[in-house]
Amino acid sequence: MPRQLHRPTVPSQWWQDAVIYQIYPRSFASSGGPIGDLPAVTARLEHVASLGADAIWLSPFYPSPQHDAGYDVADYRNIDPRLGTLEDADALIARTHELGMRIIIDLVPNHTSDEHVWFREALAAGPGSPERERYWFREASTDAPPNDWTSIFGSIAWTRVRERDDAPGSPWQDDPQWYLHLFDSSQPDLNWDNPAVHAEFRDVLRFWLDRGVDGFRIDVAHGLAKDPELPDWQYHWTMVEGGGADAASVPPPPMWDRDGVHDIYREWRTVLDEYGPDRMLVAEAWVSPGDRLAQYVRADEMSQCFNFDFLSSQWKRDDLRAVIASSLRAMDDVGAPTTWVLSNHDVVRAASRLGLSHTGKGPNGIRATDEQPDPELGARRALAAHLLMAGLPGSCYLYQGEELGLPEHTALPDNVREDPAYFRTKGVEAGRDGCRVPLPWQAQAPAFGFSPDGQSWLPQPPEWATFAVDAQEASASSTLNFFRHMYALRSELALGHGGLEDVSDAFPGTLAYLNTAPADATRGDILILTAFDTDVSIPEGWQVLLASAAPGSAESTTWLARA
């Protein structure tokens, strides 16, 4: 029997069923030199518009020492000179709007760079000063840190002021205090119990809204609020998985997903509403179960939250079936759209992750000496997964290069790596550089056209010539042209705000859904079939609209309409 998972809707705002394309500026395109920049992004925006994207999300472009690829922000109201100027940002915003798209920018409120003026003032002002109250500076009774918290990058989450590299000869060379950093030691955590921090970020929001930005992706949205007692907590939180499979069996973390964080987002919602109901917030929150995640998208808080359970799911029928059902249920309970995502700048690319013997979120990077993905299987499954995702109601995010079928770079030499995760774990983790390699635009150009002078901040694999944009545009059967057709059909059929019925019981071993027509569409039901290790027969009375491989074949997804 069909099981209704979600009723059709009529969207009242653009983000509720949008396709949003993530641009990682360092690696998207360069107007000269090894690092990508905003003028080159602006010049290449037609590529994104040609996919049918409704918006772009731009990863951080602020001034930064780049200890964490821009997520260590030194100034929230300017552009890193390596990436451009404020005038370049204005031109990018204007061009995005000219092409009929919206623009979302990254905001990093959990921590700043240690080069931010506030932190420099805090170091100079010394213990007990108001400047230090903007961060988490603490004394310790012994030579051990104030508590046992660990950073995301694997080491202790505290650095002693007098042990900083810049301490010798400075006013703080004998300073005994410690400061908290849940990420790198160059990323001190802000103290969100301080009203000055609240006032600063309200002003930052208005600064960018005044320049025409349509929304903000909130980095580490489940962070910010900490237990002011800073109690010991012997467990570890990781990227994307959060507390992991055993999260339910450990006590609530005193630094993640605390109820107080929601007051911050209600405050921000009122700021955005000053500019109209079409401005949005999307949460990067590594939170489970789904009802906890859904709290971030209640009507007076954020607009979307990334569905990391979907990204992390095993490529198995029952796993995906459970995640899709629970995700829709949790979001429907608070009246929010489900936001699907398969890849981003923090995880191994889908075309490689899904080619491993163990799928799911994947390892924290892949080296040449690690298990290598099956490239054909990974590419086939990734295309099937994208077609499945595009057929589900809600919004979906696409990481740059996924439309080309790019795999992970799994043979990067260690001496070119830049991800702090690699260094902080002393090489135990390969890190995220493999999914951040600059895009190939021209098959026959140096650095595949990433920059006019042939420079690239990370080396690209030679086999990426076949993935280049110009090579794929010349082939009607390319992955790029498949994505263009897929998103055009998704829009034409209003799949993003259709209903969803689970009919998988009628197709053993297969994931099967009916995307039912919303009130503003004239179509009938669309049948979505995702086959795994065995073929599925196309049912009588249905005709194929689009398929990621031969219709009904193993490791594929097929969209069908009634004949």
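Everything discussed here concerns the structure shown above.
Residues numbered from 1 in each chain as written. Predicted model: local features only at pLDDT ≥ 70, side-chain atom pairs only at ≥ 80, totals over all residues. Heavy atoms only, no water.

Considerations on the overall build of the chain
Then, number 1: On a plain count of helices and strands, the chain comes out with 15 helices and 17 strands.
Then, number 2: Relative to the globule expectation of 24 Å for 563 residues, the C-alpha radius of gyration of the chain, 23 Å, shows essentially globular dimensions.
Then, number 3: Expressed as lengths along the three principal axes of its C-alpha atoms, the size of the chain is roughly 80 × 50 × 45 Å.
Then, number 4: For the chain, with 563 residues in total, the buried portion stands at 61%.
Then, number 5: Contacts in the chain between residues far apart in sequence, at least 24 positions, make up 68% of those at least 6 positions apart.
Then, number 6: As displayed, the chain has an accessible area near 20400 Å², and 50% of this comes from carbon and sulfur atoms.
Then, number 7: Across the chain, the centroid of the 45 positively charged side chains sits 1 Å from that of the 82 negatively charged ones. (Helix = DSSP H or I, 4+ residues; strand = E, 2+ residues; numbered from the N terminus. Rg over C-alpha atoms; globule rule 2.2 N^0.38 Å. Buried < 20%, exposed > 50% of the residue type's maximum accessible area, 1.4 Å probe, protein only. Contact = heavy atoms within 4.5 Å. Areas by Shrake-Rupley, 256 points an atom, 1.4 Å probe, with all protein chains shown as cover. Lys, Arg positive; Asp, Glu negative; His and termini not counted. Charge placed at Lys NZ, Arg CZ, Asp CG, Glu CD.)

Quick word on the pairing of strand β15 (residues 526-531)
Then, number 1: Buried residues dominate β15, accounting for 6 of its 6 residues.
Then, number 2: Here β15 shows a buried face lined by Ile 526, Ile 528 and Thr 530 and a second buried face lined by Leu 527, Leu 529 and Ala 531.
Then, number 3: Bridge count between β15 and strand β17 (residues 556-562): 6 bridges; the pairing is antiparallel. The partner of Ile 526 across the bridge, within β17, is Ala 561. (Pairing = 2+ DSSP bridges.)

What to know about the pattern of salt bridges
Then, number 1: Enumeration over the complete set of coordinates arrives at 42 salt bridges.
Then, number 2: Where Glu 555 meets Arg 381, a salt bridge forms, and the shortest distance between an N and an O atom there is 3.3 Å. Of this pair, Glu 555 sits in the loop between β16 (542-547) and β17 while Arg 381 sits in helix α12 (residues 375-390); the two residues are 174 residues apart in sequence, bridging distant segments of the chain. Per residue, the accessibility class of Glu 555 equals that of Arg 381, and both read buried.
Then, number 3: Three or more residues joined by partner-sharing salt bridges are found here, namely Asp 68, Asp 346, Asp 419, Arg 432 and Arg 436. (Salt bridge = Lys/Arg side-chain N within 4 Å of Asp/Glu carboxyl O.)

Thoughts on α12
Then, number 1: Compared with an ideal rise of 1.5 Å per residue, which puts 16 residues at 22 Å, α12 spans 22 Å between its outermost C-alpha atoms and is within 8% of the ideal.
Then, number 2: Buried residues of α12: Gly 378, Arg 381, Ala 382, Leu 383, Ala 384, Ala 385, His 386, Leu 387, Leu 388, Met 389 and Ala 390, and no others.
Then, number 3: Two or three places before Glu 376, at the opening of α12, Asp 374 has a side-chain oxygen 3.2 Å from that residue's backbone nitrogen. (Expected span 1.5 Å × (residues − 1). Polar contact = N/O pair within 3.5 Å; in protein donor to acceptor, adjacent residues only side chain to side chain.)

Some points on the sheet that holds strand β1 (residues 3-6)
Then, number 1: Sheet architecture is open: 6 strands sit in the order β1-β13-β14-β15-β17-β16, paired in antiparallel fashion. Unpaired on one side and paired on the other, β1 and β16 mark the two borders of the sheet. This sheet shows a mean twist of 30° between the axes of neighbouring strands, independent of strand direction.
Then, number 2: The pairing of β1 with strand β13 (residues 499-502) spans 3 bridges and is antiparallel. Paired with His 6 across the strands is Leu 500, a residue of β13.
Then, number 3: In the packing of α12 onto the sheet, contacts are made with β14 (510-516), β15, β16 and β17, and the angle to β17 comes to roughly 40°. (Axes fitted to C-alpha atoms, helices over the stretch in contact; angles between N-to-C directions.)

Focus: the packing of helix α6 (residues 195-210) against helix α7 (residues 261-273)
Between two packed helices, both the angle of their axes relative to each other and the distance between the axes serve to describe the pair.
Then, number 1: Two numbers describe how α6 lies on α7: the axes approach to 10 Å, and their chain directions differ by 35°. Crossing hand, α6 versus α7: right-handed. On α7, the residues that touch His 198, Phe 201, Arg 202, Leu 205, Arg 206 and Leu 209 of α6 are Ile 264, Glu 267, Trp 268, Val 271 and Leu 272.
Then, number 2: Of the residues in the contact of α6 with α7, the class split is 7 nonpolar, 1 polar and 3 charged. (Left-handed = near helix turned anticlockwise from the far one by under 90°. Nonpolar A, V, L, I, M, F, W, Y, C, P; charged D, E, K, R; others polar.)

Here's the deal with the side chain of Thr 359
Then, number 1: Structurally, Thr 359 is set in the loop between α11 (350-353) and α12.
Then, number 2: Since its relative accessible area comes to 7%, Thr 359 is described here as buried.
Then, number 3: Side-chain polar atoms of Thr 359 contact the backbone nitrogen of Trp 315, separated by 2.8 Å.
Then, number 4: Ignoring sequence-local partners within four residues, the contact set of Thr 359 consists of Gln 314, Trp 315, Arg 353, Leu 354 and Arg 381.

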